[in-house]
Amino acid sequence: MTRIRQRRDRHFIDDRDRLYWINGPEHHCYLSEQRQWRTGLSFDDVLVWKQCAPSGLVSQRFSSLQAACEAFEHNQVQWSLDLYLRRMGDEMALQRGVDDYKPTALKEEEVRTGRLRRQPWLGADPTPAPRCELTARPASCRPAPAELPHQLRRRRSSAASRPVR
């Protein structure tokens, strides 16, 4: 018997940390397994930041959301592979997998409120942009490069070399 550990609306996580989505109208719905590719995100983060996509595994149709959940918990789901849904999930994963990805709803919220939200997978402290200290200063303030011999440079000195016989 598999247990639903967390559920929010039509999404739920089972006791093995697998994510599922109940698709379709409430009276004619089906389950869809979802893939996640970022580790360390909470269930809410995965849903808000859309860090999941269909794996292509889908269930039979159910007469209600409750019937779908009960069938899942009693191992009465018959899974099949939907290749169209799988391809769509692969495309979604490519798009959503980039580091600076933000769902459209969050972008619109940022425009509306003026409050920027940082992706949770980038960490709490934003890292400053890389800066080259030498080029950031005027040429007159830059230290002169030290004349270091190249490690692989051979010295050609007639005094040091003896003819080979």
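Up top is the structure these notes are about.
Small disclaimer: the values here were computed from a predicted structure and weren't measured.

## Notes on the overall build of the chain
- Helix and strand counts for the chain stand at 5 helices and 6 strands.
- Here the chain, with 165 residues, has 30% of them falling under the buried criterion.
- A separation threshold of at least 6 residues defines the contact pool for the chain, and within that pool the share at least 24 residues apart is 49%.
- Total accessible area on the chain is roughly 12,400 Å²; 51% of this is exposed by carbon and sulfur atoms.

## Details of the packing of aromatic side chains
- Taken as a whole and judged by the stated rule, the model has 5 aromatic pairs.
- When the centroid spacing of 5.6 Å and the interplanar angle of 80° are considered together, the rings of Trp49 and Trp121 count as edge-to-face. Here Trp49, found in the loop between helix H1 (43–48) and strand E5 (52–58), pairs with Trp121, found in the loop between helix H4 (104–113) and helix H5 (133–136); they are 72 residues apart in sequence, far enough to count as distant. Trp121 carries the same exposure label as Trp49, and that label is buried.
- Within the aromatic cluster, the residues linked to one another by ring pairs are Phe12, Tyr20, Phe72 and Trp79.
- If you follow Arg38 out to its NZ or CZ, it ends over the ring of Trp121, 3.9 Å from the centre.

## Some points on the state of the cysteines
- Applying the stated rule across the entire model yields 0 disulfides.
- Take Cys29: it sits in no disulfide, and the sulfur closest to it among the cysteines is that of Cys69, at 8.2 Å.

## Digging into the layout of surface pockets
- Estimates place the volume of the largest pocket at around 250 Å³.
- If you go around the largest pocket, you meet 14 residues; those closest to its centre are His11, Trp21, Lys50, Cys52 and Arg96.
- Sorting the residues of the lining of the largest pocket by element identifies H1, E5 and helix H3 (83–96) as the ones contributing at least two each.
- The element contributing the most residues to the lining of the largest pocket is H3, with 3 residues.
- Tallied by class, the residues present in the lining of the largest pocket amount to 7 nonpolar, 2 polar and 5 charged.

## Some thoughts on helix H2 (residues 65–73)
- Leu65, Ala68, Cys69, Ala71, Phe72 and Glu73 are the residues of H2 that are buried.
- Phi for Asn75, located one or two positions after H2, is positive at around 50°.

## Digging into the environment of His74
- Inspection of the secondary structure assignment puts His74 in the loop between H2 and strand E6 (80–81).
- When the C-alpha atoms of His74 and Thr2 are compared, they prove to be 6.8 Å apart, with 72 residues separating the residues in sequence.

## Things to note about the side chain of Asp14
- Structurally, Asp14 is set in strand E2 (residues 11–14).
- In this structure the side chain of Asp14 is engaged in a polar contact, spanning 2.9 Å, whose partner is the backbone nitrogen of Arg16.
- Here the side chain of Asp14 touches Arg18 through a polar contact of 2.7 Å, side chain to side chain.
- Apart from the residues within four sequence positions on either side, Asp14 is in contact with Thr2, Arg3, Ile4, Arg5, Tyr20 and Phe72.

## A closer look at the pairing of strand E1 (residues 4–8)
- Summarising the sheet, E1 and E2 pair through 4 bridges and their orientation is antiparallel. Looking at the pairing, Gln6 lines up with Ile13 of E2.
- Linkage of E1 to E2, two consecutive antiparallel strands, is achieved through a turn of 2 residues, within which Asp9 is found at a positive phi near 55°.

Parameters and conventions
- Residues numbered from 1 in each chain as written.
- Predicted model: local features only at pLDDT ≥ 70, side-chain atom pairs only at ≥ 80, totals over all residues.
- Heavy atoms only, no water.
- Helix = DSSP H or I, 4+ residues; strand = E, 2+ residues; numbered from the N terminus.
- Buried < 20%, exposed > 50% of the residue type's maximum accessible area, 1.4 Å probe, protein only.
- Contact = heavy atoms within 4.5 Å.
- Areas by Shrake-Rupley, 256 points an atom, 1.4 Å probe, with all protein chains shown as cover.
- Phe/Tyr/Trp six-rings, centres within 6.5 Å; stacked < 30°, edge-to-face > 60°.
- Lys NZ or Arg CZ within 6 Å of the ring centre and 35° of its normal.
- Disulfide = S-S within 2.5 Å.
- 1 Å grid on protein atoms, 1.4 Å probe; cavity = no way out; pocket = protein on both sides within 12 Å on 5 of 7 lines; lining within 4 Å.
- Points joined across faces, edges and corners; volume = space filled by probe spheres on them.
- Nonpolar A, V, L, I, M, F, W, Y, C, P; charged D, E, K, R; others polar.
- Polar contact = N/O pair within 3.5 Å; in protein donor to acceptor, adjacent residues only side chain to side chain.
- Pairing = 2+ DSSP bridges.

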